[in-house]
Amino acid sequence: MSDTPDLGPVPQRITIETDVARHLVANQFPEWADLPVEPVANGGWDNWTFHLGSQMSVRMPSAAEYALAVDKEHRWLPELASQLPLPIPVPLAIGRPGSGYPYSWSIYPWLDGSQSNPNDIVDPIRFAVDLAEFLVALQRVDPTDGPGPGLHNWYRGGTLRTYQPEVDRSLTALDSHLDVELAREIWKTALDAPWNGKPTWFHGDVARGNLLLDDGQLAAVIDFGTCGVGDPACDLAIAWTLLTTEGSEAFRERLSVDDATWARGRGWALWKTLATYSWCYDDPDDEDAVTAKRILDGLFAEYATSRR
């Protein structure tokens, strides 16, 4: 379709050394110059993340496209935080290009917690309901003047048709490794599911790494780089990628999700998981491959049940 956005080329990521982050902090924020700066293990893809002392973090976009989210986060996260039932990152300061680094960047408070691995979640149903409550509150925030789908969030909140080329490439690569015809049916069902609701706030990347646990319970939601205002179905993908069957049912019930929205959410989960599986499927021992195949099997089974 001619009005479907084009994602453009793959972002050209740059490597950011710890010394660069250290120099930027010292030069632009002398009040924090004496604090140690150390890289965060598994600090993310869109951003390079560093510890700044024990209470803060430095978040530096790894490509020009990811840097588009910086001003958005500084504008909106303080406003969102005051209306949400769980902690989210609220930026403390914005940094500017320097020391050979070309983009704006941020300093945030450090939020404690571990990522939401399934085995660490004490009560899967409570976790699902707590997450749904968070998303209900997020969707209730006034969307006026909020950022619509765009390159700043890879068109989250917009049409799934944006991702048709990626889905086609993934299914071509996976032709003999899963039921491609069923995947295409699920994808078409998602594309055909109408959205007639009014735009609301969404997170855009509700994933296990962005949901922090404390004592096995949901304690914080982080990484709002893909947030925006539009169709919130993108936030439903977690129902297939992390939640248990019972948790998914409780999640859907609390969010009062209709069939069309659920179908679009399933499409978001399908796109995301196919993209992951397509680059690691040939190594059956790869942890990402095992996880992606498990998610796809569950998604296919859930879809088959929904048609009965």
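Further up the page is the structure itself.
The following refers to the structure shown. Source: prediction; values computed, not measured.

### A word on the overall build of the chain
Secondary structure assignment for the chain yields ten helices and ten strands. For the chain, the C-alpha radius of gyration of 20 Å lies close to 19 Å, the compact-globule estimate for 308 residues. Structurally, the chain occupies a C-alpha span of about 65 × 40 × 35 Å along its principal axes. Taking all 308 residues of the chain together, 49% fall into the buried category. Across the chain, the fraction of contacts at a sequence separation of at least 24, relative to all contacts at a separation of at least 6, is 71%. Of the accessible surface of the chain, which amounts to about 14700 Å², a share of 50% is contributed by carbon and sulfur atoms. Charge centroids of the chain, computed over 24 positive and 45 negative side chains, lie 5 Å from each other.

### Considerations on the environment of Thr 144
If you trace the backbone, Thr 144 turns up in the loop between helix H4 (124-140) and helix H5 (164-173). Take Thr 144: its relative accessible area is 47%, and that puts it in the partly exposed class. For the pair formed by Thr 144 and Gly 158, sequence separation is 14 residues and the distance between their alpha carbons is 17 Å. Side-chain polar atoms of Thr 144 contact the side chain of Asp 142, separated by 2.7 Å.

### A look at the nonpolar core
The biggest cluster of nonpolar side chains holds 72 residues, and the ones touching the most others in it are Leu 80, Leu 178, Leu 211 and Phe 251. When residues in this core are grouped by element, the largest group, nine residues, is from H4. Residues contacting Leu 178, with those up to four places away along its chain left out, are Leu 171, Ala 183, Leu 274, Tyr 277, Leu 296 and Phe 300. Ala 21, Val 37, Phe 50 and Ile 107 belong to the second-largest nonpolar core, a separate cluster that totals 18 residues.

### Comments concerning the packing of helix H6 (residues 180-192) against helix H9 (residues 259-278)
Close contact between H6 and H9 brings their axes to 8 Å; oriented N to C, the two are set at 135 degrees. Here H6 lies oblique to H9, going by the angle between them. Where H6 crosses over H9, the two elements pack in a sense that is left-handed. Each of Ala 183, Ile 186, Trp 187, Thr 189 and Ala 190 in H6 lies in contact with H9, whose residues at this interface are Ala 263, Arg 264, Arg 266, Gly 267, Leu 270 and Trp 271. When grouped by side-chain class, the residues that make up the contact of H6 with H9 number seven nonpolar, two polar and two charged.

### Brief notes about the sheet that holds strand E4 (residues 93-95)
Strands sit in the order E1-E2-E3-E5-E4 across an open sheet of five strands; the sheet is antiparallel. Edge strands, defined here as strands with exactly one partner in the open sheet, are strand E1 (37-39) and E4. Taking the axes of each pair of neighbouring strands and ignoring which way they run, one obtains an average angle of 30 degrees across the sheet. Across six bridges, the pairing between strand E2 (residues 47-52) and strand E3 (residues 56-61) is antiparallel. If you follow Thr 49 over to E3, its bridge partner there is Arg 59. Where helix H1 (residues 18-28) meets the sheet, its contacts fall on E1, E2, E3, E4 and strand E5 (105-109), and the angle it forms with E1 comes to roughly 150 degrees. Sheet contacts for helix H3 (residues 69-81): E3, E4 and E5; angle to E5, the most-contacted strand, approximately 35 degrees.

### Some details on H6
For H6, with 13 residues, the first-to-last C-alpha span of 18 Å sits near the 18 Å given by 1.5 Å per residue. All of the buried residues along H6 are Val 180, Leu 182, Ala 183, Ile 186, Trp 187, Ala 190 and Leu 191. Considering only its buried residues, H6 is in contact with H5, H9 and helix H10 (287-306). Here H6 starts with a cap whose side-chain oxygen sits 3.4 Å from the backbone nitrogen of Glu 181, and that cap is Asp 179.

### Comments concerning empty space enclosed by the protein
The tally for this structure, following the rule as stated, stands at two cavities of 30 Å³ or more. Empty space within the largest cavity amounts to approximately 110 Å³. Taken together, 15 residues line the largest cavity, and the ones lying closest to its centre are Asn 47, Arg 59, Tyr 66, Ala 69 and Gly 225. Secondary structure elements with two or more residues in the lining of the largest cavity: E3 and H3. Among the elements that line the lining of the largest cavity, the one with the most residues is H3, at three residues. Taken as a whole, the second largest cavity spans an internal volume of roughly 80 Å³. Lining the second largest cavity we find Arg 156, Gly 204, Asp 205, Val 206, Cys 234, Ala 237, Trp 268, Trp 271 and Lys 272. Its residues placed into classes, the lining of the second largest cavity shows five nonpolar, one polar and three charged.

Thresholds applied
Residues numbered from 1 in each chain as written. Predicted model: local features only at pLDDT ≥ 70, side-chain atom pairs only at ≥ 80, totals over all residues. Heavy atoms only, no water. Helix = DSSP H or I, 4+ residues; strand = E, 2+ residues; numbered from the N terminus. Rg over C-alpha atoms; globule rule 2.2 N^0.38 Å. Buried < 20%, exposed > 50% of the residue type's maximum accessible area, 1.4 Å probe, protein only. Contact = heavy atoms within 4.5 Å. Areas by Shrake-Rupley, 256 points an atom, 1.4 Å probe, with all protein chains shown as cover. Lys, Arg positive; Asp, Glu negative; His and termini not counted. Charge placed at Lys NZ, Arg CZ, Asp CG, Glu CD. Polar contact = N/O pair within 3.5 Å; in protein donor to acceptor, adjacent residues only side chain to side chain. Core = buried A, V, L, I, M, F, W, Y, C linked by side-chain atoms within 4.5 Å. Axes fitted to C-alpha atoms, helices over the stretch in contact; angles between N-to-C directions. Parallel < 35°, antiparallel > 145°, perpendicular 65-115°, else oblique. Left-handed = near helix turned anticlockwise from the far one by under 90°. Nonpolar A, V, L, I, M, F, W, Y, C, P; charged D, E, K, R; others polar. Pairing = 2+ DSSP bridges. Expected span 1.5 Å × (residues − 1). 1 Å grid on protein atoms, 1.4 Å probe; cavity = no way out; pocket = protein on both sides within 12 Å on 5 of 7 lines; lining within 4 Å. Points joined across faces, edges and corners; volume = space filled by probe spheres on them.

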